[in-house]
Amino acid sequence: GTPSPRAVLVLAVVLVGLWAPRGGYGQPNFIVILADDVGWGDLGANWAETKETPHLDQLAAEGTRFVDFHSAASTCSPSRASLLTGRLGVRNGVTHNFAITSVGGLPLNETSLAEVLQEAGYSTGAIGKWHLGHHGRHHPNSRGFDYYFGIPYSHDMGCTDTPGYNLPPCPPCPRHGAAARVARKDCYTEVALPLLENATIVQQPVALGSLATRYAEEAARFIRRASESGRPFFLYLALAHMHVPLWDPQPAPASGRGIYGASLSEMDALVGRIKQVADSHGKGNTLLWFTGDNGPWAQKCELAGRLGPFVGAWQRQRGGSSAKQTTWEGGHRVPAVVYWPGHVPAKRTSRALLSTLDIFPTLVALAGAALPPNRRFDGLDVSPVLFGWSDEGHKVLLHPNSGAAGKVGEIKALRLAQYKAFYTTGGAMACDGSTGPAEHHQPPLIFNLDRDIQEQEPLDVASREYQAVLPVISRAYAQALEDIAADNVSVADYSKDPAVIPCCNAQHVACRCHGAPAATLDFHAERRTTRLCL
């Protein structure tokens, strides 16, 4: 029969109680761990051949694993900008990577997740790779993070004394002289890689061998201090793993995958330690979300990760890689696990179509905050999916060009249900040095991923299935482009100036500190005529 009003009221109260997140001030803590260049198949829970991730596999067993989860772009800066804004690069302005000489960064009129949570009373910290601008007000401390410790860009964008493993190998930093700084073939620059604590350069060049330990220590310290303060916290931990150069952990764990496997084991142990620290400060108070910024960097050969089944066979037959920088599944389908005891179901696998774009609106909703006004978002609040109440994610998910083919940032591939459509294809550089030429498709190539996860054979354009799905895809594509055109979009400043390179000793060819007092960056400078050092 029809339930009584009292029964309806009791049910509503129960549902609100289930929904209400636990934690300080009723707000949960958040830890987002973003691995770099990690493959979908680098998680043992995803791919049985991978044996180096027992802690991540345990995290998946105690939480929910998402197997149809995607990065918002297939390269570093755009992916990170989208995670922290919930908006694609065509909206937030970040369409390709920033350089060490970049004057700009994530546009200042874009609101970061940290800024929203900071306003909602959170203690906010970023540890690790930033790569969204380091000059002036683009520094993390000016983008909502109370605390920052890390490298302001990729750790291959500067020399070190122990260069680690890369293909091709790079030389160490020069130790003497003040000759002109020059870039070497396939190596970024002779300017040493800086390590920052807030605005201070605390080490230059970075000691890569101890970097994972330092990140773990700083993360644990931030969690402890935030917990002791009684405020909820947001920790964004952007790892150097699994981007080259890799280094040999000491002692190196046994692995059948050489240096890559050893580095993967080190990353896994780091994640395990962060989980342990978070649990020790109140198990059930903290949501931990692990994922990756894009797929493996295939041109690095044995130093690149595992794609799992997402090999992009159609592209491989034509040359080039179908991983990082491409819009093939291997470029943007990444591992994802969410752990939150008492809220996110354990031992669950979700096939909902989700994205790093969803992290922003989901955490904002769980914190009881509001989305920034006067802009549109590509991400969704997927709390019902996390809680196991639903398995419905995106109806349509857009995949921007990320360097392999077409104009960077443009939308030339999209997903609709099990169908993947390409208006442009192309392969990034592969291990053998080949690249796949850009090809434009009108009508688009369409793959049915339910039957063809390897993206090997597009649907026959004359088939009944293709003819049925093409109008739906075309309409969804047109509507998405119209929505972007009607939005408030930002434009990033990609201008360059050597004067903005972080440098603690401009008199040395490599900016080496030589144990001198640390240099401090200037947040408020718009542009400087000398290097950022004091």
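This is a predicted model, so every value here is computed, not measured.

(A) Just the sheet that holds strand 13 (residues 396-400), in detail. Spatially, four strands are ordered 13-14-15-16 in an open sheet, and the strand pairing comes out antiparallel. Every other strand in the sheet has two partners, leaving strand 13 and strand 16 (436-448) as the edge strands with one partner each. For this sheet the average axis-to-axis angle between neighbouring strands, irrespective of direction, equals 20°. Relative to strand 15 (residues 419-427), strand 14 (residues 411-416) runs antiparallel, the two sharing four bridges. Bridge assignment links L414 to a residue of strand 15, and that residue is A421.

(B) Quick peek at the packing of aromatic side chains. Enumeration over the complete set of coordinates arrives at 17 aromatic pairs. Residue placement shows K300 over the ring face of W297; its charged tip is 4.7 Å from the ring centre. Directly above the aromatic system of W314 lies the positively charged group of R318, at a separation of 3.7 Å from the ring centroid.

(C) The arrangement of the pairing of strand 5 (residues 147-150) in detail. Of the two faces of strand 5, both are covered, the one formed by Y147 and F149 as well as the one formed by Y148 and G150. Across three bridges, strand 4 (residues 123-128) lies against strand 5 in parallel orientation. Residue pairing for strand 5: I127 is matched across the bridge by F149. Judged from the two bridges that link them, strand 5 and strand 6 (residues 195-197) form a sheet pairing that is antiparallel. Of the residues in strand 6, the one forming a bridge with F149 is E197.

(D) Representation of the environment of E392 in the model. On the secondary structure map, E392 appears in the loop between helix 11 (383-386) and strand 13. Considering only alpha carbons, one finds E392 and L353, 39 residues apart in sequence, at a separation of 7.2 Å. Among residues more than four places away in sequence, those in contact with E392 are A352 and V385. At 2.6 Å, the side chain of E392 and the side chain of K395 are in polar contact.

(E) Highlighting the confidence of the model for the chain. Of all residues in the chain, 89% have pLDDT values of 70 or greater, and the mean over the chain is 91. Ignoring residues within four places in sequence, the model shows residues 7-25, a span with pLDDT below 50, making 23 contacts including any to other chains. Taken as a whole, residues 526-534 scores under 50 in pLDDT and shows 35 contacts with residues more than four places along the chain or in a different chain.

Conventions adopted
- Residue positions are counted from 1 within each chain, in the order its sequence is given.
- Reporting of local features is limited, given that this is a predicted model, to residues whose pLDDT is at least 70; pairs of side-chain atoms are given and counted only at 80 or more, and all residues count toward the totals for whole chains, interfaces and linings.
- Hydrogens are left out, water is left out, and the side-chain values use all remaining heavy atoms of the structure.
- The rule for pairing is simple: two strands pair if DSSP sees at least two bridges between them.
- A helix here means a DSSP run of H or I that spans at least four residues, while a strand means a run of E at least two residues long, and both kinds are numbered starting from the N terminus.
- Structural elements are reduced to axes, namely lines fitted to C-alpha atoms, with helices fitted over the stretch in contact, and the angle between N-to-C directions of any two is expressed from 0 to 180 degrees.
- Ring pairs are drawn from Phe, Tyr and Trp, using the six-membered ring of Trp, whenever the two centres fall within 6.5 Å, and their geometry is named by plane angle: stacked under 30 degrees, edge-to-face over 60, tilted for the rest.
- We call a charge positioned above a ring when the Lys NZ or Arg CZ atom is no farther than 6 Å from the ring centre and deviates by at most 35 degrees from the ring normal.
- Partly exposed residues are those whose accessible area sits between 20% and 50% of the maximum for their type, while under 20% is buried and over 50% is exposed, using a 1.4 Å probe and protein chains only.
- We call two residues in contact when some of their heavy atoms are within 4.5 Å.
- In protein, a polar contact requires one atom able to donate a hydrogen and another able to accept it; more generally it is a pair of N or O atoms within 3.5 Å, and residues adjacent in sequence count only if both atoms are side-chain atoms.
- Think of pLDDT as the predictor's per-residue confidence, scored from 0 to 100.

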